[in-house]
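Single-letter residue listing:
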Amino acid sequence: MNPFATAGELLAALESGDVTAVALTEAALARARAGAELGAWLHLAEDEALARAADVDRRRAAGEPLGALAGVPVGVKDQIVTRGIPTTAGSKMLAGWVPPYDATVVERLRAADAVVIGKLNQDEFAMGSSNERSAFGVVKNPWDTSRIPGGSSGGSAAAVAAGHVPLALGTDTGGSIRQPASLCGVVGLKPTYGRVSRYGAIAFASSLDQIGPFGRTVADVARLLGVLAGPDPRDSTALTSPVPDYLAALGGDLAGLRVGVPEEYFVGGMEAAVEAAVRAALTQLEGLGATLVPLSLPHTKYAVATYYILATAEASSNLARYDGVRFGHRTRDRVSDIADLYAKSRAEGFGDEVKRRIILGTYALSSGYYDAYYLKAQKVRTLLRRDFEAAFARCDVLATPVSPVTAIGLGERVDDPLQMYLMDIFTIPSSLAGNTSVSVPCGFDGGGLPIGLQLIGPPLGEERVLRVAHAYEQATEWHRRHPATNEEVG
Amino acid sequence: MEIDIRHVARLARLDLDDAEAERLAAQLGQILDYVAQLDALDTSDVPPTTHVLPVSTPWREDEATARLDREEALAAAPEHDGQAFTVPKVV
């Protein structure tokens with residue numbers, strides 16, 4: 001089977017009996033092992049995956065009903081807990097932890113008869129934009145292994161781009177699905193806040209975190225989103241609105257569609273190749289029947305500052321649970337009291353970026369500074385939301401770049417946190433507003449590195465952004481290009 | 001922008017060595033200088049956003065459901081006595 005076959009193609013081949021789930025699972029595991037130098041995988045759950053695949057084959061042979069992804073290999077970001085499969089969130093703090101429960105999305109994957117083959121590398125606790133912040137090694141970009149894959153879901157994007165698996169789960173707090181999707185040339189969607197249950201997603205910033213799908217085509221992402229989305233009694237922020245058939249929403253032209261083009265997303269500091277590719281994509285959307293609506297999201301420039309107060313404040317609270325008592329790393333040093341046990345365990349277990357964010361967040365919430373930082377940022381968040389509400393009164397979707405740059409070199413910005421944060425300037429605003437956004441491939445720079453187009457919709461606008469992304473994808477060939485693999489396996 | 005990094009680290013229950021404290025203080029000062037641009041916005045009449053969507057807490061039937069049993073809950077603990085999590089003697 002072609003390693004770049006889509007989930008849709010694999011499902012057809014499975015249904016017609018051309019291939020078995022066991023064969024697909026073995027091939028995916030073989031590609032993941034052969035591509036180990038990318039660093040995308042933290043753990044391969046070979047025995048469990050093969051047993052599940054065999055069960056799917058047996059039930060298919062017996063004519064039993066099967067789920068929507070029956071027999072399709074899937075990778076899961078290590079931020080998402082998996083019962084019986086080690087889960088680290090890319091942190092030494094959780095090295096060796098085997099969770100006693102499944103995230104809701106993992107239960108849903110299993111109910112859909114998907115085959116989870118393993119766990120994907122990421123920046124520690126999802127804090128990073130380059131995947132250089134994993135305690136277990138960097139992930140490399142499959143298009144150029146001297147470059148970052150983006151982050152924090154870098155392993156998910158790289159494994160899908162390299163053809164190890166057709167589908168993967170990531171999490172997105174300020175761009176952690178869309179930015180690596182863009183930098184690796186795949187499709188990644190951040191659902192509306194609340195569309196997908198967060199139960200079992202290791203918490204980073206609870207008012208922003210969302211789990212979402214990666215795939216190589218828009219249709220595959222739509223298919224996977226349909227499996228993940230929906231209410232959950234274990235997450236009170238999971239929306240109860242009915243889940244539409246996202247796959248059925250695809251198709252048709254874009255006649256009458258109003259595409260907003262915010263001037264703040266085309267600014268100095270952007271790479272010329274990125275701007276050119278995104279502007280060409282806008283022209284192409286016009287060619288498909290859409291009307292471009294120039295507009296302004298005036299508070300965009302405040303988004304990164306707002307985000308780094310709110311997200312770090314929430315993180316400082318969420319990460320308080322890592323105390324070396326109930327699970328996770330505990331210091332072996334002699335301690336003087338219980339506070340010392342906490343402080344030493346946390347100092348040993350957390351990496352630099354996580355410590356930086358915990359300290360910043362603790363400071364922003366501390367007595368005397370709360371109003372100046374946290375409350376102020378919450379108010380600016382309201383202004384950012386209002387920007388989008390006003391924009392969506394005038395247009396149906398917004399089209400923007402995902403990242404101002406293509407994949408930078410490994411190590412290039414690792415010592416400059418602020419410059420690294422500024423890479424997220426185009427993905428953070430819609431996270432703060434709770435919108436849905438998708439990244440879809442829209443070209444390559446002179447060095448052959450992928451560029452992504454971001455389509456932003458209003459809350460619960462998933463069908464709309466997927467339909468626009470699909471129409472664009474069908475009119476272009478970008479998604480048919482794949483990075484060279486070292487060897488063709490399976 | 002200067003912050004008392006030792007005080008904040010104590011609040012966060014995070015030991016820092018001297019080199020770490022110095023580096024973090026410099027980086028955080030730089031980040032807070034960047035954040036200071038928010039001061040340019042007049043937000044006196046703007047309500048804060050705590051949740052992007054209206055959140056209500058739905059009711060469910062008051063029924064007992066499956067819980068993690070003790071053995072599973074203790075399995076990942078750095079140290080336990082079969083009944084409870086244990087910590088080094090501190091008094």
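If you're wondering where the values come from, they're calculated on a predicted model, not measured in any experiment.

1. What about the overall build of chain B?
Inference 1: Within chain B, the secondary structure is distributed over 3 helices and 0 strands.
Inference 2: For chain B, the N- to C-terminal ordering of α and β elements is α-α-α.
Inference 3: Burial statistics for chain B: of 91 residues in total, 29% are counted as buried.
Inference 4: Accessible surface computed for chain B: about 6,500 Å², of which carbon and sulfur atoms make up 50%.

2. With respect to unusual backbone geometry
Inference 1: Put simply, A:G151 and A:S152 share a cis peptide bond, and its omega is 5°.
Inference 2: Its identity as a non-glycine residue notwithstanding, A:D113 has a phi of 65°, on the positive side.
Inference 3: Relative to the helices and strands, A:D113 resides in the loop between α4 (104–111) and β3 (115–120).
Inference 4: In this model, B:R13 sits at a positive phi of 50°, which is unusual for a non-glycine residue.
Inference 5: Inspection of the secondary structure assignment puts B:R13 in the loop between α1 (5–11) and α2 (18–35).

3. Details of the packing of aromatic side chains
Residue and element names in this part refer to chain A.
Inference 1: Evaluation of the coordinates by the stated rule reveals 16 aromatic pairs over all chains.
Inference 2: Cluster of aromatic residues (ring-pair linked, three or more members): W97, F125, Y322, F327 and F350.
Inference 3: A cation sits over an aromatic face here: R279 above F266, 4.3 Å from the ring centre.

4. Focus: α2(B)
Residues and elements named next belong to chain B.
Inference 1: For α2, which comprises 18 residues, the first-to-last C-alpha distance of 25 Å matches the rise-based estimate of 26 Å (1.5 Å per residue) to within 8%.
Inference 2: Within α2 the residues assigned to the buried category are E20, A21, L24, Q27, L28, G29, I31, L32, Y34 and V35.
Inference 3: For α2, the N-terminal capping position is held by D17, with its side-chain oxygen 3.2 Å away from the main-chain nitrogen of A19.

5. A look at the interface of chain B and chain A
Inference 1: Each side of the interface is counted separately: chain B has 50 residues, and chain A has 66 residues.
Inference 2: A combined buried area of about 5,100 Å² lies between chain B and chain A, and 69% of that area is made up of carbon and sulfur atoms.
Inference 3: Counting across the chain B and chain A interface gives 4 salt bridges.
Inference 4: Across the pair A:R83 and B:E72 runs a salt bridge whose closest N-O atoms are separated by 3.1 Å.
Inference 5: In this structure, the connection of chain B to chain A is made through 17 residue pairs in polar contact (both at pLDDT 80 or more).

6. Some remarks on the environment of A:Y369
Residue and element names in this part refer to chain A.
Inference 1: The residue Y369 is located in the loop between α11 (352–365) and α12 (370–392) in this model.
Inference 2: The exposure class assigned to Y369 is partly exposed, which follows from its relative accessible area of 33%.
Inference 3: In this structure, the C-alpha to C-alpha distance between Y369 and T476, residues 107 residues apart in sequence, is 50 Å.
Inference 4: Apart from the residues within four sequence positions on either side, Y369 is in contact with Y363, A364 and Y374.

Thresholds applied
Residues numbered from 1 in each chain as written. Chains lettered and ligands numbered in written order. Predicted model: local features only at pLDDT ≥ 70, side-chain atom pairs only at ≥ 80, totals over all residues. Heavy atoms only, no water. Helix = DSSP H or I, 4+ residues; strand = E, 2+ residues; numbered from the N terminus. Buried < 20%, exposed > 50% of the residue type's maximum accessible area, 1.4 Å probe, protein only. Areas by Shrake-Rupley, 256 points an atom, 1.4 Å probe, with all protein chains shown as cover. Phe/Tyr/Trp six-rings, centres within 6.5 Å; stacked < 30°, edge-to-face > 60°. Lys NZ or Arg CZ within 6 Å of the ring centre and 35° of its normal. Expected span 1.5 Å × (residues − 1). Polar contact = N/O pair within 3.5 Å; in protein donor to acceptor, adjacent residues only side chain to side chain. Contact = heavy atoms within 4.5 Å. Buried area = accessible area lost by both parts, 1.4 Å probe. Salt bridge = Lys/Arg side-chain N within 4 Å of Asp/Glu carboxyl O.

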